[in-house]
Amino acid sequence: MSTTEVRQAQRAERLNWRIRLRRDRTLLIMTVPTVVLLLVFNYAPLFGLVTAFQYYDPLIGVWHSEWAGLDQFKRLLDDPVFWEAMRNTLYLSFVQLILFFPIPIALALLLNTVVSERIRNFFQSIVYLPHFFSWVLTITIFQQMLGGAGVLNHFLRAHDIGTWDIMTNPHTFALLVTSQAVWKEAGWGIIVFLAALSAINSEMYEAAAVDGAGRWRRMWHITLPGLRGVVVLMLVLRLGNALSVGFEQFLIQRAPVGHEAADVLDTFSFYYGISTNDYGYGAAAGLFKSVISLLLIWGANKLAHAFGEDGLYRK
Amino acid sequence: MSNELNRRDFVGKAAAVAGVAAMAPLLSACGDGGHQQTGGNSASGLKKALPAYLPSTSLKPDIPSVSNGPDVASDPGFLRYPSQHPATVSGVPGKGGKYTAVTPLWGTVPPPGNSFFQAMNKALGIDLTIKSADGNNYATIVPTMTAAKRLPDWIQLPTWWNSTFNVGRLTGSQLADLTPYLSGDKIKKYPNLAAIPSGAWQAGVWGNKLYGLPGGSTKFSVAGTTFYRRDILEAKGITSDDVKSADDLMNLGKELTDAKRGVWAFDQVWTYLFSFWDVPPTWRIEDGKLVHKYELPQFLEALDWHHKLATAGYMHPDALANTPADTRFYSGKVLISGGGTGIWHLADHKAGTAANKNYRRDAFNIFAADGRSRPATFMGGSTSIMSYLNAKLKPSQIEELLEVANYLAAPYGSREYTMVKFGVEGVHYTMKNGVPTATDAGKKYVQPTTYGFLVEPPAVISNQGADVVTKDYTAWQAANVKALYKPVFWNMNISMPQAMATAQAAQTVEDTIGDCTRGKKKVSDVQAAIASWKSSSGERLKRWMTDNVLDKYGTGQ
């Protein structure tokens, strides 16, 4: 390409950019409130991260607190309790990935096969409902049903069968919290998959049926490939959030099973940072977690692109 | 219902939230310890700062107080609200000044400028705007005000947040020194304030200077105790006198637990029971040296007993799962439960008798775990409600507000007390069977803790309509007043550097203790946690406490 050609191309591009701006003006204006919201509530508070490098004292504020450099991080990396929380977080995340993640997909596929709209709506409402319960309520229901004095154990005791410790057993805690999460959130999780399913062209099913493809063949060759993009996107997001397994659920159940089983990174920040006025330390733990999460989401996104999927954005 | 009870209700809840922390010395953390005094008091400095104590004699209680030395006594009991309301303040205390006060409120915030506030302003002779802030968010609201140096003229800072609010530093800069107005005999100008016991004032002294005005105070400052269902235990022939040692108590576990019927003997008891093993709140002096409670062999014995209790199957499974206890106690699913003394009042009686008409709460007498030593338990801070005046106020303004404080501190049953707690007769309350009963306007506008959280007279026990509660509670206090002792650094304010406050909180150890008392961890796990705490920060904490507090100020007694 000659220099003039390059210049022309650049000018065209610039022009192109201006034209696009004019064309999309309305849409862009519509995003402004969200952008402002993001700036004010998500980006501006990032400034507070500076406390992770300080011996932060809320009374004298960020500007006057003593500078700690990387001391808080050094303390963090030397703290066995922190690593325990890290281990718990990763383990719980892994268990949830294996046991929780496929369930909304299966549910969505199941719902999709229901022909009667009334039955489908009814079923959908039922599985959505627990999402709107708070964790306190969810755990109370579990306690009332499965707790040491709950319905199940009361029955076992009355028939001299011996009791089954579910709610306060640290060894099966991961399964407990995962089943709670499934009960509460799996129904809500199907929304995005149902949307993807409805986007699949129904003519493809008809054509396949005409060609003699059975129910399973159609699911394998049409439904699942149609869902693949969304599944990968959700997986990328899930991996990015691997270090955020929840907070209230663990806060409430920390005492029953003991802190060694229930401390995750978020509760660690709370108990060892905020509740002992050690704000800088809590902030350091939070920042550490965010950086790792960012790396995870970046890696997962790369992986998605490597497999030819969109991931978070189209390359 | 007596409004005094509301405060107790709140203090009980707060104590439950703050747990044992409420019983520790009144801590305050500071970021850079080097630049600041520790806030402690020497015995002689304290003596100079403290106001004289002149108890009120204007009303005679139905059940008199039983005392054990100048600082320890049971609260007096009133079975009826006094029919005569003697005046303790002559004229109007204020001179028309305009002020703002901020207090926390756990409840519905009354609308500003309502008829009760107007009536109070008229009675006080000032234009006082009370801004009630949501108690649940209070800990986050106050630091923004102090950081901007924009405190109101009068503010309440609950002592369990001394550390969060960094009161130790505020006293040097933003809060007014009241020593020149109140110390020694100067307080005689304000007779109702002079009737507040010395222990409560002591909790308002920082660095040998008096800053705080105490809210509800008591000479029987025990944060909590071990309750039992007297109606059910009595039916089985068990009385408080049968429990004289930890073994006796453990034996009740076997006797009372009937899991098949869904009844377990115990709820959680650790928080208010461990002191019976001769364990101090935090520190003790042995051979002139500080010893932390974690280092005491009897602390491990106490832990061992509680671990056994949890694993023996005598504790309700929901208690092991750490869910709230009240309904279990009311429904008789648990029969013995630890709890803040604030619960022992009319509202509890109403809730309990609604579940079972025979419901009766009582507490075991304080005993020594071994059954042989002298029964003893430590006292906590004499008050947890402390208000402060702004340092920017002029002396004449401070004097005016102290006159107002004197009005607010008028004793139970007096004309002023009735006004502060119930409002104007005929408007906010009417007398029904000798009990001041709130009208609709009263229910809406008169929140007894609005002014009570600034200054309040010493506590009395009174539960109109439930004499059994007043009688049981006063009898329990009277029977146990001899068992109370003042721990090291009692009522002393200590400002610590951040790292020391974190060490003092000992979160990992406290977590492991909780796990141990719920049967999840062994005593040896706690020992390991203590050992690691000691080497990482515990020993440093002890050195700091020795150098900066013990060597400088002594034990504060």
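- In the annotation of an unreviewed UniProt entry, the entry for chain B reads ABC transporter substrate-binding protein, and the organism field reads Streptomyces lutosisoli.
- Taken directly from UniProt, the Sequence similarities (unreviewed entry) text for chain B runs: "Belongs to the bacterial solute-binding protein 1 family."

- As named in an unreviewed UniProt entry, chain A is ABC transporter permease, taken from Streptomyces lutosisoli.
- Chain A has a UniProt comment under Sequence similarities (unreviewed entry) that states "Belongs to the binding-protein-dependent transport system permease family."
- Looking at chain A in UniProt, the text filed under Subcellular location (unreviewed entry) is "Cell membrane".

### Structural notes on the environment of Leu237(A)
Part 1 of the argument: By the secondary structure assignment, Leu237(A) is in helix H12 (residues 215-240).
Part 2 of the argument: Put simply, Leu237(A) and Leu312(A) are 75 residues apart on the chain and 8.1 Å apart in space, counted from C-alpha to C-alpha.

### Some remarks on the pairing of strand E17 (residues 435-438) of chain B
All names here are of chain B.
Part 1 of the argument: Judged from the 4 bridges that link them, strand E16 (residues 429-432) and E17 form a sheet pairing that is antiparallel. From the neighbouring strand, Thr430 faces E17, where its bridge partner is Thr437.
Part 2 of the argument: The hairpin formed by E16 and E17 contains 2 residues between the paired strands, and Asn433 there has a positive phi angle of roughly 50°.

### A closer look at the nonpolar core
Residues and elements named next belong to chain B.
Part 1 of the argument: Grouped together as the largest cluster of nonpolar side chains are 85 residues, with contacts concentrated most on Leu249, Phe489 and Met545.
Part 2 of the argument: Those residues in contact with Leu249 that lie beyond four places of it in its chain are Val243, Phe266, Leu273, Trp305, Ile336, Phe364 and Phe367.
Part 3 of the argument: Listed in part, the 48 residues of the second largest apolar core include Leu50, Ala123, Ala194 and Leu389.

### A closer look at the packing of helix H13 (residues 248-257) of chain A against helix H15 (residues 265-273) of chain A
Residues and elements named next belong to chain A.
Part 1 of the argument: Packing of H13 against H15 leaves a shortest axis separation of 9 Å and a crossing angle of 65°. For the element pair H13 and H15, the recorded crossing hand is right-handed. Residue-level contacts link Phe250, Leu251 and Arg254 of H13 to Thr267, Phe270, Tyr271 and Tyr272 of H15.
Part 2 of the argument: Across the contact of H13 with H15, the residue classes tally to 5 nonpolar, 1 polar and 1 charged.

### Some words on a nonpolar patch on the surface
Residues and elements named next belong to chain A.
Part 1 of the argument: Together, Val32, Val35, Val36, Leu37, Leu38, Leu39, Val40, Phe41, Tyr43, Leu46 and Leu49 line one region of the surface with nonpolar side chains, adding up to about 1,000 Å² of accessible area.
Part 2 of the argument: As for its position among the elements, Tyr43 is in helix H2 (residues 25-43).
Part 3 of the argument: According to the relative accessible area criterion, Tyr43 is exposed, its value standing at 51%.

Conventions adopted
Residues numbered from 1 in each chain as written. Chains lettered and ligands numbered in written order. Predicted model: local features only at pLDDT ≥ 70, side-chain atom pairs only at ≥ 80, totals over all residues. Heavy atoms only, no water. UniProt positions renumbered as here; feature names shortened; annotations may be inferred. Helix = DSSP H or I, 4+ residues; strand = E, 2+ residues; numbered from the N terminus. Pairing = 2+ DSSP bridges. Core = buried A, V, L, I, M, F, W, Y, C linked by side-chain atoms within 4.5 Å. Buried < 20%, exposed > 50% of the residue type's maximum accessible area, 1.4 Å probe, protein only. Contact = heavy atoms within 4.5 Å. Axes fitted to C-alpha atoms, helices over the stretch in contact; angles between N-to-C directions. Left-handed = near helix turned anticlockwise from the far one by under 90°. Nonpolar A, V, L, I, M, F, W, Y, C, P; charged D, E, K, R; others polar. Patch = residues over 30% accessible without salt bridge, like charges linked within 9 Å, V, L, I, M, F, W, Y side chains within 5 Å. Areas by Shrake-Rupley, 256 points an atom, 1.4 Å probe, with all protein chains shown as cover. Salt bridge = Lys/Arg side-chain N within 4 Å of Asp/Glu carboxyl O.

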